[in-house]
Amino acid sequence: CNGCIDPTVIDNRGLQEPVELLFPLVQKYQHLFSRADVWAYCAVVAADMAVVENRPQELQFYMHYLGRTDCQGADEKGFGGPQVEMYTNHMTTHEMIQFFDQRFGLNPYEMVILMGVHSAAVAARNNTGFGNRGREDGWVHDAEEYKLSNMYYTSMLSSVWEMEKVENDGPVPDRYQWYFDPDGHGPIMTTSDMSLIIDTEGFIINDSSGGEGLVMCRAHEEAEFEVVDNIIDEQHHHDVDVPVCPMAEQTRGIVQELEQDNTQFLFAFVSVLNKMITNGYDIMHSSPVVVA
């Protein structure tokens, strides 16, 4: 965490509002804490507040380190700074494991835990191109309630997910996402989400218009494949036989384990969140600050 957001990155669209909301806090405590410290602390508080049901009595979120350094090249609010390699929305299982290991030092179990934060998030179609138009749907049912729990894994395992192309306007590119409600309501998943349970290696292609992320395998044996695209007709001569995706051997079992135990997920999430927001800093001699 370096207190900077690159506003030119499409996947960062929608972050302007929270950055603006946090700026008064950044100004108020600028002589005590860096902008990065304020952002990290607010992330910990937000996670703590999102645990509203079935909260284990001993669960406690901590801020384990103060002294982060703000990046160079950003304005006073945190917009700008160096270009950073971003996690993409159509990674394979192997690419996900490699990215989170190299960027944050997370192992596969910790990576799956971190992805569970999507239980407390919504996908805004007008910002990143994912989600359902005009709705605040996310990765779980009732996502707009922002509850941190293991429901992300339940949602992933309990539905017959199918792929659809989402056509967007303006600078936001068309997207491929996974859905199970044919009426365009309810949860969605990106391919990176689905890569926790299916192995899409060798199945992801660009469509005829250059759109990225078309997955040429099905997530479930009962799923249909209804994506219409000229490149499919050309390559498969109008006879599309899309196979069922292989299972993600390194991570699917972790998803199944966490789907059964919300307490395990929550305690592990506290640890993983701390590891992520202290990545790159020496915390050996710091004292934890309890989030009240």
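This text goes with the structure placed above it.
Let me begin by describing the structure that accompanies this report. (Residues numbered from 1 in each chain as written. Predicted model: local features only at pLDDT ≥ 70, side-chain atom pairs only at ≥ 80, totals over all residues. Heavy atoms only, no water.)

## Remarks on the overall build of the chain
Working step 1: Of the regular secondary structure elements, the chain holds 10 helices and seven strands.
Working step 2: Here the C-alpha radius of gyration of the chain, 20 Å, is about what a compact globule of 292 residues would show, namely 19 Å.
Working step 3: In terms of its C-alpha atoms, the chain occupies a principal-axis envelope of roughly 65 × 40 × 35 Å.
Working step 4: Per-residue burial over the chain gives 45% buried out of 292 residues.
Working step 5: Sequence-distant contacts, at least 24 apart, represent 70% of the contacts inside the chain between residues at least 6 apart.
Working step 6: Carbon together with sulfur atoms contributes 49% to the accessible area of the chain, which is approximately 15100 Å² in total.
Working step 7: Charged side chains of the chain number 16 positive and 46 negative; the gap between the two group centres comes to 8 Å. (Helix = DSSP H or I, 4+ residues; strand = E, 2+ residues; numbered from the N terminus. Rg over C-alpha atoms; globule rule 2.2 N^0.38 Å. Buried < 20%, exposed > 50% of the residue type's maximum accessible area, 1.4 Å probe, protein only. Contact = heavy atoms within 4.5 Å. Areas by Shrake-Rupley, 256 points an atom, 1.4 Å probe, with all protein chains shown as cover. Lys, Arg positive; Asp, Glu negative; His and termini not counted. Charge placed at Lys NZ, Arg CZ, Asp CG, Glu CD.)

## Overview of unusual backbone geometry
Working step 1: The backbone of Asp-142 sits at a positive phi, close to 55°, despite the residue not being glycine.
Working step 2: The residue Asp-142 is located in the loop between helix H5 (125-128) and helix H6 (151-158) in this model.
Working step 3: Taking the relative accessible area as the measure of exposure, Asp-142 reaches 49% and is therefore partly exposed.
Working step 4: Located in the positive-phi region is Tyr-146, a residue other than glycine, with phi close to 50°.
Working step 5: Considering the arrangement of structural elements, one finds Tyr-146 in the loop between H5 and H6.

## Observations concerning the packing of aromatic side chains
The relation between two aromatic rings is expressed through the spacing of the ring centres and the mutual angle of the planes.
Working step 1: Considering all chains together, one arrives at 11 aromatic pairs under this definition.
Working step 2: Arranged with centres 5.3 Å apart and planes meeting at 85°, the rings of Phe-99 and Phe-100 form a pair that is edge-to-face.
Working step 3: A relative accessible area of 7% places Phe-99 in the buried class.
Working step 4: Here the aromatic cluster, defined as three or more aromatic residues joined through ring pairs, consists of Tyr-87, Phe-99, Phe-100 and Phe-104.
Working step 5: Here the basic side chain of Arg-68 rests over the ring of Tyr-281, its NZ or CZ set 5.9 Å away from the ring centre.
Working step 6: Over the face of the ring belonging to Phe-104 we find Arg-103, whose NZ or CZ atom lies 5.5 Å from the ring centre. (Phe/Tyr/Trp six-rings, centres within 6.5 Å; stacked < 30°, edge-to-face > 60°. Lys NZ or Arg CZ within 6 Å of the ring centre and 35° of its normal.)

## Some words on the state of the cysteines
Working step 1: The tally for this structure, following the rule as stated, stands at two disulfides.
Working step 2: Disulfide pairing places Cys-4 opposite Cys-71 at an S-S distance of 1.7 Å. Torsion about the S-S bond of the Cys-4 and Cys-71 cystine: about -95°, corresponding to left-handed handedness. With Cys-4 in the segment before helix H1 (16-28) and Cys-71 in the loop between strand S1 (62-63) and helix H3 (93-104), this pair connects stretches of sequence that are 67 residues apart. (Disulfide = S-S within 2.5 Å.)

## Section: the sheet that holds strand S4 (residues 188-189)
Working step 1: The three strands are arranged S2-S3-S4 in an open sheet whose pairing can be described as antiparallel. Each edge of the open sheet is held by one strand with a lone partner, namely strand S2 (162-166) and S4. (Pairing = 2+ DSSP bridges.)

## Topic: the side chain of Asp-137
Working step 1: Its place among the elements puts Asp-137 in the loop between H5 and H6.
Working step 2: Using a relative accessible area of 8% as the deciding quantity, one classes Asp-137 as buried.
Working step 3: Reaching out from Asp-137, the side chain makes a polar contact with the side chain of Asn-132 at a distance of 2.7 Å.
Working step 4: The contacts of Asp-137, once residues within four sequence positions are left out, are Val-122, Ala-123, Asn-132, Ala-143, Gly-184, His-185 and Gly-186. (Polar contact = N/O pair within 3.5 Å; in protein donor to acceptor, adjacent residues only side chain to side chain.)

## Quick notes on the nonpolar core
Working step 1: Core analysis: the largest hydrophobic core is formed by 60 residues, its most contacted members being Phe-61, Phe-100, Leu-148, Tyr-152, Trp-178 and Leu-196.
Working step 2: In terms of nonpolar packing, the next biggest core, distinct from the first, is built from seven residues, Ile-5, Phe-23, Val-38 and Phe-79 among them. (Core = buried A, V, L, I, M, F, W, Y, C linked by side-chain atoms within 4.5 Å.)

## Quick look at helix H2 (residues 35-49)
Working step 1: For H2, built from 15 residues, the straight-helix expectation of 21 Å at 1.5 Å per residue is met to within 8% by its first-to-last C-alpha distance of 21 Å.
Working step 2: Within H2 the residues assigned to the buried category are Arg-35, Ala-36, Asp-37, Val-38, Trp-39, Ala-40, Val-44, Ala-47 and Asp-48.
Working step 3: As for H2, its buried residues are in contact with H1, S1 and helix H10 (262-277). (Expected span 1.5 Å × (residues − 1).)

## A word on the pattern of salt bridges
Working step 1: According to the stated counting rule, one finds 10 salt bridges in the structure shown.
Working step 2: A salt bridge links Arg-55 to Asp-48; the shortest N-O distance between them is 2.5 Å.
Working step 3: Here Arg-55 falls in the partly exposed class, since its relative accessible area comes to 34%.
Working step 4: Asp-207 is paired through a salt bridge with Lys-165; the nearest N and O atoms lie 2.9 Å apart. Here the residue Asp-207 occupies a position in the loop between strand S5 (204-205) and strand S6 (214-215), and Lys-165 occupies one in strand S2, the gap between them amounting to 42 residues.
Working step 5: Three or more residues are tied together by salt bridges with common partners; here these are Glu-53, Glu-145 and Lys-147. (Salt bridge = Lys/Arg side-chain N within 4 Å of Asp/Glu carboxyl O.)

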